[in-house]
Amino acid sequence: MNENREDLASEDSLLDATKLVSNLGTRIRYQVYYLEKCGSTQDVARELAEKGAPEGVVVVAEEQESGRGRLGRRWFSGRGGLWFTVVLRPKPDALGLLSLGVGVAVGRVLRGLGISAGLKWPNDVLVDGRKAGGILVEGFTVPGDGIVALVGVGLNVNNELPHGLAEVSVALREVVGARLSRLLLFLNLLREIDNVYLQLLEGRGEVILEEWRRLSVTLGKTVKIITADGEYIGVAVDVGSLGELYIDTGDGVRAFYAGDVVHLREVAPN
Ligand code: BTN
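Residues numbered from 1 in each chain as written. Predicted model: local features only at pLDDT ≥ 70, side-chain atom pairs only at ≥ 80, totals over all residues. Heavy atoms only, no water.

A. Just a nonpolar patch on the surface, in detail. A contiguous nonpolar surface patch, about 300 Å² in accessible area, is contributed by I226, I233, V262 and L264. Assignment of secondary structure puts I226 in strand β8 (residues 221–227). Look at I226 and you get partly exposed, because its relative accessible area is 33%. (Patch = residues over 30% accessible without salt bridge, like charges linked within 9 Å, V, L, I, M, F, W, Y side chains within 5 Å. Areas by Shrake-Rupley, 256 points an atom, 1.4 Å probe, with all protein chains shown as cover. Salt bridge = Lys/Arg side-chain N within 4 Å of Asp/Glu carboxyl O. Helix = DSSP H or I, 4+ residues; strand = E, 2+ residues; numbered from the N terminus. Buried < 20%, exposed > 50% of the residue type's maximum accessible area, 1.4 Å probe, protein only.)

B. The confidence of the model for the protein, seen in detail. Mean pLDDT for the protein: 93, with 94% of residues reaching 70 or above. Segment residues 6–10: pLDDT under 50, and 10 contacts once partners within four positions in sequence are set aside and those in other chains are kept. (pLDDT = per-residue confidence, 0-100. Contact = heavy atoms within 4.5 Å.)

C. Structural context of unusual backbone geometry. Cis rather than trans, the peptide bond between W121 and P122 has omega equal to 0 degrees. Relative to the assigned elements, P122 resides in the loop between β4 (117–120) and β5 (124–127). Phi angles above zero are rare outside glycine, and L71 is one such case at about 55 degrees. By secondary structure assignment, the location of L71 is in the loop between β2 (57–64) and β3 (82–88). A positive phi angle is found at D128, which is not glycine, with a value near 50 degrees. Looking at where D128 falls in the secondary structure, it is placed in the loop between β5 and β6 (130–142). Owing to a relative accessible area of 66%, D128 belongs among the exposed residues under this scheme.

D. Layout of the packing of helix α5 (residues 98–112) against helix α7 (residues 182–201). Relative orientation of the contacting elements α5 and α7 amounts to 135 degrees, with a least axis distance of 8 Å. It follows that α5 is oblique to α7 by the angle criterion. Read as a crossing pair, α5 and α7 show a hand that is right-handed. Each of L98, G101, V102, V104, A105, V106, R108, V109 and L110 in α5 lies in contact with α7, whose residues at this interface are L185, N188, L189, E192, I193, N195, V196, Y197, Q199 and L200. (Axes fitted to C-alpha atoms, helices over the stretch in contact; angles between N-to-C directions. Parallel < 35°, antiparallel > 145°, perpendicular 65-115°, else oblique. Left-handed = near helix turned anticlockwise from the far one by under 90°.)

E. Geometry of the layout of surface pockets. Of the voids in this model, the largest pocket is the one considered here, and its volume is about 760 Å³. For the largest pocket, the lining is made up of 38 residues, of which G69, R74, W75, D124 and K131 are closest to its centre. The greatest single-element share of the lining of the largest pocket, amounting to five residues, is contributed by β6. Within the lining of the largest pocket, the residues separate by chemical class into 15 nonpolar, 14 polar and nine charged. Considering only enclosed or pocket space, the second largest pocket measures out at about 400 Å³ in volume. Within the residue set of the lining of the second largest pocket, elements represented by two or more residues are α5 and β6. Element by element, the count of residues in the lining of the second largest pocket is highest for β6, at five residues. Counted by class, the lining of the second largest pocket contains 11 nonpolar, six polar and three charged residues. (1 Å grid on protein atoms, 1.4 Å probe; cavity = no way out; pocket = protein on both sides within 12 Å on 5 of 7 lines; lining within 4 Å. Points joined across faces, edges and corners; volume = space filled by probe spheres on them. Nonpolar A, V, L, I, M, F, W, Y, C, P; charged D, E, K, R; others polar.)

F. Main features of the side chain of N159. Inspection of the secondary structure assignment puts N159 in the loop between β7 (146–155) and α6 (172–176). For N159, a relative accessible area of 2% gives the class buried. A polar atom in the side chain of N159 sits 3.2 Å from the side chain of N156. With near-sequence residues (within four places) excluded, N159 lies in contact with G78, R79, G80, G81, W83, A171 and R173. (Polar contact = N/O pair within 3.5 Å; in protein donor to acceptor, adjacent residues only side chain to side chain.)

G. Looking closely at the pattern of salt bridges. If you walk through the whole model with that rule in mind, you get 23 salt bridges. Its salt-bridge partner being R108, residue E192 comes within 2.8 Å of it at the nearest N-O pair. Of this pair, E192 sits in helix α7 while R108 is found in helix α5, placing the two residues 84 residues apart along the sequence. Taking relative accessible area as the criterion, R108 reaches 22% and is therefore assigned partly exposed. Here E211 makes a salt bridge to R108, at a shortest N to O gap of 2.8 Å. Highlighted residues: E211 in helix α8 (residues 205–215) and R108 in helix α5, separated in sequence by 103 residues.

Right, dumping it as C-alpha cells:
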C-alpha cells in the first residue's frame, strides 16, 4: 500500500476540519460549516453567499437528501462520501477554467495517494473507467457584490453506491481496498483547490490546461457529444481557455461549451 494511503486508513471525523482548516496555510481563508444532513450543500452555500458570506466559506455534509449533479441530475450522497461546496468570489477571468481547474485539484490529490484518477470532460473524476466523483460549478451575480462561484465536489469515498450504479460508478474504498480518511482527503482537496485557484487568479490558466490535458481520459478518443442542439460524433482533440472541448467532426473542428460526452473508442495512433 502506498505510504500516504496508510496515513489515510484510520477513521476520523469531518467535524475536525472546522478547526484544522486554519492550519493549512492557504491563501483562501477557509471557514468550514459542518452539517450532519442537508438538501444540497450547493443550496446551503448559495443562501450563505446571498447573505454576504465571504470567499472561503465551505459547507460540508455527511449526507445530502437532494444532492444534484450537472444538468439537474440526482447525485446520490449517502453517509461515508465526501460532499462539499466552496464559496468563491473570482474575477471573471478566473471563472472559465474553474471547473476544469478543480478537476485538476482532485486529480492531484488522488494521484498523490497512488490512485490513478483521470478526468472526463467536463467534470467527471474516473478511476478505471468508473465515476468516483464529480464537480459542479454554479455561478451567479449578487447585485453590487460581484460574481459568486459555488464549487461543489462530490467524491465516493467509503459510501455504498446504489445497486444500479455499480457498473458506472466506484467508491475509492473499493479501489484502495480499505476505508479512507475523509478528513485528510477533504483537507488535501481544500489545499489543492487553493493552489489551482491562485494559479487561475495569476493568469496561469495555460498551466492548468496543460495539466488537465495530461489527466484527461477524453482527449484522443472518438466521442459522442449530446448537446441542447443535437448530437455530434468526432475525435476529442483539445480543450480551450474557457474550458471548451474541441471535437474534430470530420468536416472541421468545433468547440463545445456544454454537453454530455460518451466515450466511444480510442483513436489508433498513426
Ligand atoms: C456531476 O458529476 O454531475 C457533479 C456532481 C457534483 C456533486 C456535488 S456533492 C456536493 C455538491 N452538492 C451537490 O448537491 N452537488 C455537489
